[in-house]
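As a plain string of letters, each chain reads:
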Amino acid sequence: MPGQLPAHYRASARLRSAQTSAAGAVLDVVRTEVPITVIEPERVARGGIVMLHESREFSPQVLALMSALADEGWIVVAPHLFARIVDENVHEVFGAELFDDFDAGFDWLVERGVFADTIGVLGFDTAGTAAFLVATDRPVGAAVSVAPVGIIEPLAAQERALVDIAANLRAPWLGLFGADDTDPAAVDRLRDATAAADVASLTVVYEGLGHRPDRDGSRSEADLRDELAARHRVYDWFDANLR
């Protein structure tokens, strides 16, 4: 396991192979690594979590969530998914390069002595979709998706809808949704589809968006209760399955 390192720091994770990606309208850049933000626990780590999110900047809310997970004993690694994209008008990240960035974060943890079955993945929105897909073909110990999309109809960069590959889940999966921003019928279909997998799954639907710890803005008492409940579900899911 890692030695005494700063609790919160920047680093770089090597890609498994060099890639050429469009950095602008004219210039192509050869990538050999991806920048990562790391937050480590103060005690000996129990394992690691690769966090995927769609923010260009690490907001106080995202960093607070990473710190909370580190307080639970996990080394949290967040690849900078937008590092390869110069266009400020691009607000979503998906496709093969996102999975390459996940693999880089995963390998970074393994190189530091974290066992593969004690590494989890957590993703939000389209990155939550990626976390689901990771759980179908990567050797991770557990996965959590918050508001994944592409449930019934696949996204442009997604070959198959989540309901069509749910039975292929190889890692226990937790899905957290908000009733206000998700089609309830789609969530019900996904719940039924994941039940056919050979691993544990749990789908939870909250009212509104208060359960999302990555969102800023004012919160009602009900929102705060939902956020606390959702956080504990995430903590308990990793605690139960990353061992």
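Refer to the structure printed above.
Small disclaimer: the values here were computed from a predicted structure and weren't measured.

Draft legend 1. Representation of the packing of aromatic side chains in the model. Here the structure, examined in full by the defined rule, presents two aromatic pairs. Where Phe102 meets Phe106, the ring centres are 6.0 Å apart and the plane angle is 35°; that geometry is what we call tilted. Of the two residues, Phe102 and Phe106 both sit in helix 2 (residues 96-111), four residues apart, roughly one turn of that helix. On the accessibility criterion, Phe106 (7% relative accessible area) is buried. Aromatic pair Phe132 and Trp173: ring centres 5.0 Å apart, planes at 75°, arrangement edge-to-face. In this pair, Phe132 sits in helix 3 (residues 126-137) while Trp173 sits in strand 7 (residues 173-178), placing the two residues 41 residues apart along the sequence. In terms of burial, Phe132 and Trp173 fall into one category: buried.

Draft legend 2. Geometry of the pattern of salt bridges. In this structure the tally under the stated criterion is 10 salt bridges. For Arg14, the salt bridge identified is with Glu111, shortest N-O distance 2.9 Å. Placement of Arg14 in strand 1 (residues 8-22) and of Glu111 in helix 2 is noted, with a sequence separation of 97 residues between them. A salt bridge links Asp103 to Arg138; the shortest N-O distance between them is 2.8 Å. Separated by 35 residues along the polypeptide, Asp103 in helix 2 and Arg138 in the loop between helix 3 and strand 6 (142-146) bring together distant segments of the chain. For Asp103, a relative accessible area of 6% translates into the label buried. Ionic contacts of the salt-bridge type, sharing partners, join the residues Arg16, Asp103, Asp107, Asp137 and Arg138 into one network.

Draft legend 3. Spatial organisation of the environment of Glu207. For Glu207, the location among the structural elements is in the loop between strand 8 (201-206) and helix 6 (221-241). The residues touching Glu207, leaving out its near neighbours within four places in the chain, are Ala179, Asp180 and Asp226.

Draft legend 4. Region of the structure containing the pairing of strand 5 (residues 119-124). Counting buried positions along strand 5 yields six of six residues, so the element is predominantly enclosed. Residue alternation in strand 5 divides its side chains into two sets, Ile119, Val121 and Gly123 and Gly120, Leu122 and Phe124, and both sets are buried. As paired elements, strand 3 (residues 47-52) and strand 5 share five bridges and run parallel to each other. When the sheet's bridge partners are listed, Gly48 is paired in strand 5 with Ile119. Summarising the sheet, strand 5 and strand 6 pair through five bridges and their orientation is parallel. Residue pairing for strand 6: Leu122 is matched across the bridge by Val144. Between strand 5 and its parallel partner strand 6, the chain crosses via helix 3, and the hand of that crossover is right-handed.

Draft legend 5. Spatial organisation of empty space enclosed by the protein. Under the criterion given, the structure shown has one cavity of 30 Å³ or more. Taken as a whole, the largest cavity spans an internal volume of roughly 50 Å³. Around the largest cavity sit Leu65, Leu122, Phe124, Val146, Leu176, Pro213, Arg231, Val234 and Tyr235, which together line it. Broken down by element, the lining of the largest cavity gets its largest block of residues, three residues, from helix 6. Residues of the lining of the largest cavity, tallied by class, amount to eight nonpolar, no polar and one charged.

Calculation rules
Residues numbered from 1 in each chain as written. Predicted model: local features only at pLDDT ≥ 70, side-chain atom pairs only at ≥ 80, totals over all residues. Heavy atoms only, no water. Phe/Tyr/Trp six-rings, centres within 6.5 Å; stacked < 30°, edge-to-face > 60°. Helix = DSSP H or I, 4+ residues; strand = E, 2+ residues; numbered from the N terminus. Buried < 20%, exposed > 50% of the residue type's maximum accessible area, 1.4 Å probe, protein only. Salt bridge = Lys/Arg side-chain N within 4 Å of Asp/Glu carboxyl O. Contact = heavy atoms within 4.5 Å. Pairing = 2+ DSSP bridges. Right-handed = clockwise from strand over helix to strand, strands pointing away. 1 Å grid on protein atoms, 1.4 Å probe; cavity = no way out; pocket = protein on both sides within 12 Å on 5 of 7 lines; lining within 4 Å. Points joined across faces, edges and corners; volume = space filled by probe spheres on them. Nonpolar A, V, L, I, M, F, W, Y, C, P; charged D, E, K, R; others polar.

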